[in-house]
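Survey of secondary and tertiary structure
For reference, the chains in residue letters:
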Amino acid sequence: MKWFKILLSIGVCLALITPARADQPVMNEAPRWAGGKGFQIRHEYRASDTLLSGDDEIANPLGKERRVDTTWLEGVYTWDRSKRITIKIPYVDKMRVTEIGGKAVRQHDRGLGDIIIGTPLRKYINHRNWTNNFSFTPSLRIPSGKTSGDYPIGDGSTDVGVSLSYGAESPYYLAGVDFFYWINNEGTRDQHEGNLFGLDMTLGKAIYHNGKKSAGASIQLDYGLRYKEGGSKISGNNAGTRVMLGPGFVYFQGSMIAKIVYTIPIYENALDESVSFGHQLDVGMGWSF
Amino acid sequence: MKHIFSIFTILLLSCTQVWASAVQVAPNQAKLEINGAVCAYCSFGMQKGLSKMGCIDQSQGHKGVESDIENQIITIHLKEGEDVNLQEMSKTIRKSGYEPRVFHMRVKGQSVDEGDRKFIVNDDQEKLYELTGDKAQQLVQNQTYELQLFVNEQSIKALKKNTIPLAEVNTIIEGE
């Protein structure tokens, strides 16, 4: 709880002293207008063959590894700037090398993942040369991912999440902070993914703007903290703490926006012996109407 | 304390006046100062809404609209001889998630006095704007002028259907 308070204070201070934005912009900032619609396609790639015990890297004689590719189709509808609904549909392709009976076994699966529906409620405050907003987002994760196989895509549970975020932006800088908590319920085959606490922060600097083309670009630094409780998921759940950090680049023109982010784990503390979360590459492109 | 507050308010208002007079509007243009319009992508909906208005010349800028996010100014390109509908424009901006602060525009017409009040009217003798400010007092009854005007936040808030907007004369561009 003490850590939570410290992190909350740091996040709020950062957001207040530097003008903010977290997450993907199509889902987050646009469409801001009443009746606006948007969608984006986003691909996350992460892979690692580093074996961890606590925060120590240990020998990996069996060559354990994990790779997860997730392609998200995400959509948003804005009633007015204070009320939106979002839907995120993942398609997961994942592979791991794990140990069964002292031997390395390769497991692989792919398919539709668990769909997430969110209803961001947002308060915007516009100032003369900057704008900021506060959001509260309840979310529901529907167990649409298959639970069969030795490396299942989903765990079969309906989960609920809540997020509190703050964002601010000036013509030159942007910053955002987002706290979220997912309550992961028990699913099928005794699978129980641990609850997840997360903190995301983004600091950005606008580097290009062309008013005639309605185009612009910014560079960003993305920071993510996750703490996941231990669970009993067949597919392994990366329980423990991790901190990710990395650069991002955003470009937009007219109704199109694209974002690329590359993050690396700068700190990991696994609750059990497990493969590191790994480096993550996140590439997205979206349109709003 | 009261005096300090008054001085601060006067200074703030003076700055607003200086800023307002610094905005120059070219022929067939209007400029809109918008609170919070610091991200061109986020304000895309506003640009889209404005570009759909009948008075916009979509062949200029980006579909008739240009954004200057450093100064939070949206420039709209108007068709030759078209006037802006401030009520419609204000509604479009609010619907897109922003608040209009100041509208700057050029207008051509005849100066008409009604008691202490001054108006500018078009060829059909329709009242376009009620004029305020020191420069409005320089206008001569029944003379034709081209003026650069601005409508401030309070007047924008007071805009209602069929009301005549209250505008301050920024520059007398031409008088016959």
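Shown above is the structure to which this text applies.
The text that follows walks through the structure, step by step, so that each part is easy to find.

So, how was this worked out
- Residues numbered from 1 in each chain as written.
- Chains lettered and ligands numbered in written order.
- Predicted model: local features only at pLDDT ≥ 70, side-chain atom pairs only at ≥ 80, totals over all residues.
- Helix = DSSP H or I, 4+ residues; strand = E, 2+ residues; numbered from the N terminus.
- Buried ≥ 20, exposed ≤ 12 C-beta atoms within 10 Å, placed from the backbone.
- Contact = placed C-beta atoms within 7 Å.
- Pairing = 2+ DSSP bridges.
- Nonpolar A, V, L, I, M, F, W, Y, C, P; charged D, E, K, R; others polar.

A few points about the overall build of chain A
- Each helix and strand in chain A was counted, giving 2 helices and 16 strands.
- Residues classed as buried in chain A amount to 43% of the 289 residues present.

A few points about the overall build of chain B
- Along its length, chain B carries 5 helices and 8 strands.
- Ordered by position from the N terminus, the helices and strands of chain B form the series α-β-α-β-β-α-β-β-β-α-β-α-β.
- A buried classification covers 42% of the 176 residues belonging to chain B.
- Expressed as a percentage of contacts within chain B between residues at least 6 apart in sequence, the contacts between residues at least 24 apart total 64%.

Quick word on the pairing of strand β1 (residues 36-48) of chain A
Residues and elements named next belong to chain A.
- Note that β1 and strand β4 (residues 65-80) share 13 bridges and pair antiparallel. Bridge pairing in β4 links Tyr-45 to Asp-69.
- Note: β1 against strand β16 (residues 279-288), 10 bridges, orientation antiparallel. Among the inter-strand pairings, Glu-44 is bridged to a residue of β16, identified as Asp-282.

Observations regarding the interface of chain A and chain B
- The interface of chain A with chain B comprises 29 residues on the first partner and 25 residues on the second.
- Classifying every residue of the side of chain A that touches chain B by side-chain character gives 10 nonpolar, 12 polar and 7 charged.

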